Each structure stands twice: as structure tokens, then as C-alpha cells.
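# Structural overview
As a plain string of letters, each chain reads:
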Amino acid sequence: MKSEEQLYHLAKEIDARVAAVELAAKTGEALPLVRDIGAGLGTVTVDGLGSLVSVDLARDAVAGHTGASLAGHVLRAIAGAESAAATRRRAMIDDAAREVR
């Protein structure tokens with residue numbers, strides 16, 4: 001009897017961990033991430049999976065840059081935001097997997 005009870009509690013714990021990880025993954029996917037482009041140029045926004053949502057440029061700051069310079073800043077900001085979103089989502093999932101008892 002005791003072993004059936006232990007299995008039941010173990011199954012409940014596994015179910016709780018799976019539910020927590022699924023929730024963390026969905027939450028991570030839904031949270032946008034905004035990253036500063038740098039040089040006062042504006043921001044880039046990606047969704048929780050790292051897909052580009054928008055690039056918002058500061059008109060006054062853009063005028064002082066060449067196309068190549070502007071492109072370099074924007075591309076670095078997008079790559080950084082994509083990476084940060086993936087890292088944040090992974091951390092949320094890892095935390096959820098550890099926290100459930």
C-alpha cells in the first residue's frame with residue numbers, strides 16, 4: 001500500500017512539474033523583449049521566441065549616421081534581443097522545473 005501511495009505522490013509531482021514547465025514556456029513565448037539599439041538610435045522589440053516585432057528609430061539620431069553604421073547598430077541590437085529572449089525563456093523553463101515540489 002505504501003508503495004502505491006509513493007507512486008501516486010511521485011506522479012502528482014511529475015504532473016506539477018510538467019504543468020509548471022508548460023506554463024513557463026507559454027509565458028516566455030508571450031513576453032516581448034525590448035532592446036536599446038545604442039547610440040541613441042531607438043529600440044528593437046522581439047517576441048518571447050526572439051522573432052522581430054518592431055524597430056523603432058529616433059528620427060533625430062538617425063540623421064547623424066551612414067546607412068552602413070545604422071544597419072550595423074540595428075543588426076547587433078536585433079541579434080542581441082533574439083539571444084536575450086531565448087536565454088530568458090530557457091531560464092524561465094529551468095526555474096519552473098526546479099521550483100515545483
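Computed from a predicted structure; not experimentally measured. (Residues numbered from 1 in each chain as written. Predicted model: local features only at pLDDT ≥ 70, side-chain atom pairs only at ≥ 80, totals over all residues. Heavy atoms only, no water.)

## Looking at the overall build of the protein
- The secondary structure content of the protein amounts to three helices and three strands.
- The N-to-C order of helical and strand elements in the protein reads α-β-β-β-α-α.
- Here the C-alpha radius of gyration of the protein, 21 Å, is well above what a compact globule of 101 residues would show, namely 13 Å.
- Counting only C-alpha atoms and orienting by the principal axes, one finds that the protein spans roughly 75 × 15 × 15 Å.
- When the 101 residues of the protein are sorted by exposure, 26% land in the buried category.
- Across the protein, every contact between residues at least 6 apart in sequence was considered, and the portion connecting residues at least 24 apart equals 50%.
- Taken as two groups, the 12 positive and 14 negative side-chain charges of the protein have centres that lie 3 Å from each other. (Helix = DSSP H or I, 4+ residues; strand = E, 2+ residues; numbered from the N terminus. Rg over C-alpha atoms; globule rule 2.2 N^0.38 Å. Buried < 20%, exposed > 50% of the residue type's maximum accessible area, 1.4 Å probe, protein only. Contact = heavy atoms within 4.5 Å. Lys, Arg positive; Asp, Glu negative; His and termini not counted. Charge placed at Lys NZ, Arg CZ, Asp CG, Glu CD.)

## A word on the pattern of salt bridges
- Under the definition given, this model contains three salt bridges.
- A salt bridge links Arg17 to Glu13, with the shortest nitrogen-to-oxygen separation between them at 3.4 Å. Of the two residues, Arg17 and Glu13 are both situated in helix α1 (residues 2–30); the distance of four residues between them amounts to about one turn of the helix.
- For Arg17, a relative accessible area of 30% gives the class partly exposed.
- Here Glu13 falls in the partly exposed class, since its relative accessible area comes to 31%.
- In this structure, Asp95 engages Arg98 in a salt bridge whose closest nitrogen and oxygen atoms are separated by 2.6 Å. Here Asp95 pairs with Arg98, and both are found in helix α3 (residues 67–99), just three residues apart, close to one helical turn.
- Judged by its relative accessible area of 34%, Asp95 falls in the partly exposed class. (Salt bridge = Lys/Arg side-chain N within 4 Å of Asp/Glu carboxyl O.)

## Some words on the sheet that holds strand β2 (residues 42–46)
- Taken in spatial order, the three strands of this open sheet run β1-β2-β3, and their pairing is antiparallel. Where the open sheet ends on each side, the last strands, each with one partner, are β1 (33–36) and β3 (52–57). Across the sheet, the axes of successive neighbouring strands diverge by a mean angle of 15°, strand direction being ignored.
- The pairing of β1 with β2 spans four bridges and is classified as antiparallel. (Pairing = 2+ DSSP bridges. Axes fitted to C-alpha atoms, helices over the stretch in contact; angles between N-to-C directions.)

## Description of the nonpolar core
- In this structure, Leu33, Ile37, Leu41, Val44, Val46, Ala61, Leu70, Val74, Ala77, Ile78, Ala81 and Ala85 together form the largest nonpolar core, which totals 12 residues.
- Counting only elements with at least two residues in this core, the list comes to β2 and α3.
- Sorting elements by how many residues they give to this core places α3 first, with six residues.
- Setting aside anything within four residues of it in sequence, one finds Ala85 in contact with Leu33, Val46, Asp47, Gly48 and Gly50. (Core = buried A, V, L, I, M, F, W, Y, C linked by side-chain atoms within 4.5 Å.)

## Here we look at the confidence of the model for the protein
- The predicted model of the protein has a mean per-residue pLDDT of 90, with 96% of residues at 70 or higher.
- Taken element by element, the predicted model of the protein shows its lowest mean pLDDT in α1 (86) and its highest in β2 (97). (pLDDT = per-residue confidence, 0-100.)

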